[in-house]
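Read off the chains here:
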Amino acid sequence: MSDIKKFLVCGGGMMGSAIAQILAGLDGAKVTVYDVYPVDIEAKVRNNMKLLVEKGIVTEADVDHIVSKISFTQDMHSEGVKSAQLVIECVLEDMELKQNLFAQLEEVVAEDTIFCTNTSVMSPTEISSKCKHKERLCGTHFWNPAYLVPLVEVIRTKYVSEETVAAVFQLMEEAGKKPVLVKKDVPGFLANRMQHALFREAISIVENGIAEAGDVDDAIKYGFGMRLGVSGPMEVIDRGGLDLTYSIHKYLFPHIESSAEPSKLMVQLMDEGKLGFKTGEGFQLWSPGQVKASNETLTRGLIQVSRALGRL
């Protein structure tokens, strides 16, 4: 078991509150959430866990226990900040903001405190640039909703030590997450590179009149997407044989979208003010009721998948 028990989460938004909730589940953990703005962390955590209680996954007593281990502060020099053994940063995706935050924290916490950034797109190596001890910072990209999606990408920076990476990896496992190691700090890390390669092809199929947006989604949700949840692409390739995959790729790749620019159709829709859920139309029409139903279906579906995988 890791001897790291005192945690600091910087940023009390959707991701920060969920990560605080996860860390509070560790034995003996004390979690402090720091934000420059007042945040009702307890309300956020209780709302996250509401459906888990309804599904019988946790009890109200479990929720009370988790909440009791989380405190909130707006004081950078509070005891909860100063005593942190591991920090996870979840502030806005602003490079200078992140760099300055870690530089400030270095003046407050111990020299062996581990730093993690939950950025989804920015380089952790660049984020560490103002740190004196760059060897103690790595990326930990949680996926939203963090309390339901097991994956955490642990990203090596140019300077991070193996000891830091090993400690973070172990801690993520103890917290019930599924960490994967990203050996190089590259744009998109690991999962987003694959996800957006799929998004590019999906949009291209619609743009070229091959299928409607709803049918694209259904082809994934009711087809290979179900299989990918239990058998990843590298395993699928090995199961079918590299020779078969080679033949398919040789025939298919010339016909797959390879543009290095965002879709012209997507740009056109954006210019027309069609941004998706937030405007009621994107690639498809979305009524308020449909938006609510989609969000609820996602949460309930993730709970079912997590239970099936033994993660809840």
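Everything discussed here concerns the structure shown above.
Here the structure is a predicted model, which means the values were calculated and not measured.

Asker: Where do I start with the pattern of salt bridges in this structure?
Answerer: Between side chains of opposite charge, pairing is possible as soon as their charged atoms come close. With the rule as written, the count across this model stands at 10 salt bridges. Among the salt bridges present, the one from glutamate 93 reaches lysine 98, with a minimum N-O distance of 3.0 Å. Glutamate 106 is paired through a salt bridge with arginine 136; the nearest N and O atoms lie 3.2 Å apart. Here arginine 136 lies in the loop between α6 (124-127) and β6 (137-142) and glutamate 106 lies in helix α5 (residues 95-106), a separation of 30 residues in the sequence. Taken individually, glutamate 106 and arginine 136 each receive the classification buried, so the pair is uniform in this respect.

Asker: Just checking my understanding: could you explain the side chain of lysine 177 for this structure?
Answerer: In this structure, lysine 177 sits in the loop between α7 (162-174) and β8 (178-182). Separated by 2.5 Å, the side chain of lysine 177 and the backbone oxygen of alanine 146 make a polar contact. When residues no more than four places from it in sequence are discounted, the contact partners of lysine 177 are Ile22, Phe142, Ala146, Val149, Pro150, Val152, Met172 and Arg311.

Asker: Sorry if this is basic, but what is going on with a nonpolar patch on the surface here?
Answerer: Among the surface-exposed residues, Leu244, Ile248, Tyr251, Leu252 and Phe253 lie close enough to one another that they form a single nonpolar patch of about 540 Å² accessible area. Looking at where phenylalanine 253 falls in the secondary structure, it is placed in the loop between α11 (242-252) and α12 (264-271). Judged by its relative accessible area of 48%, phenylalanine 253 is partly exposed.

Asker: Before we go on, may I ask you to explain the nonpolar core in this structure?
Answerer: Where a protein is soluble and globular, its nonpolar side chains tend to be buried together. By size, the foremost hydrophobic cluster in this structure holds 44 residues, and its most contacted members are Phe7, Ile70, Leu86 and Phe142. Here this core takes seven residues from helix α1 (residues 14-24), the largest share from any one element. Ignoring anything within four residues of it in the chain, the contact list for leucine 86 reads Ile4, Lys6, Phe7, Leu8, Thr113, Ile114, Cys116, Val168 and Leu171. One finds Val87, Phe102, Val108 and Cys131 within the second-largest nonpolar core, a separate group that totals 18 residues.

Asker: What is the right way to read the packing of aromatic side chains from this model?
Answerer: The description of an aromatic ring pair uses the distance of the two centres, along with the angle that the planes make with each other. If you walk through the whole model with that rule in mind, you get two aromatic pairs. Between the aromatic rings of phenylalanine 102 and phenylalanine 115, the centroid separation amounts to 5.1 Å while the plane-to-plane angle is 35°, which identifies the pairing as tilted. A residue pair is termed long-range when its members are at least 10 positions apart, and phenylalanine 102 in helix α5 and phenylalanine 115 in strand β5 (residues 114-117) qualify at 13 residues. Phenylalanine 102 sits in the buried class, given a relative accessible area of 0%. For phenylalanine 115, a relative accessible area of 0% corresponds to the buried category. Judged by centre distance (4.7 Å) and plane angle (65°), the rings of phenylalanine 277 and tryptophan 286 are edge-to-face.

Scoring rules and cut-offs
- Residues numbered from 1 in each chain as written.
- Predicted model: local features only at pLDDT ≥ 70, side-chain atom pairs only at ≥ 80, totals over all residues.
- Heavy atoms only, no water.
- Salt bridge = Lys/Arg side-chain N within 4 Å of Asp/Glu carboxyl O.
- Helix = DSSP H or I, 4+ residues; strand = E, 2+ residues; numbered from the N terminus.
- Buried < 20%, exposed > 50% of the residue type's maximum accessible area, 1.4 Å probe, protein only.
- Polar contact = N/O pair within 3.5 Å; in protein donor to acceptor, adjacent residues only side chain to side chain.
- Contact = heavy atoms within 4.5 Å.
- Patch = residues over 30% accessible without salt bridge, like charges linked within 9 Å, V, L, I, M, F, W, Y side chains within 5 Å.
- Areas by Shrake-Rupley, 256 points an atom, 1.4 Å probe, with all protein chains shown as cover.
- Core = buried A, V, L, I, M, F, W, Y, C linked by side-chain atoms within 4.5 Å.
- Phe/Tyr/Trp six-rings, centres within 6.5 Å; stacked < 30°, edge-to-face > 60°.

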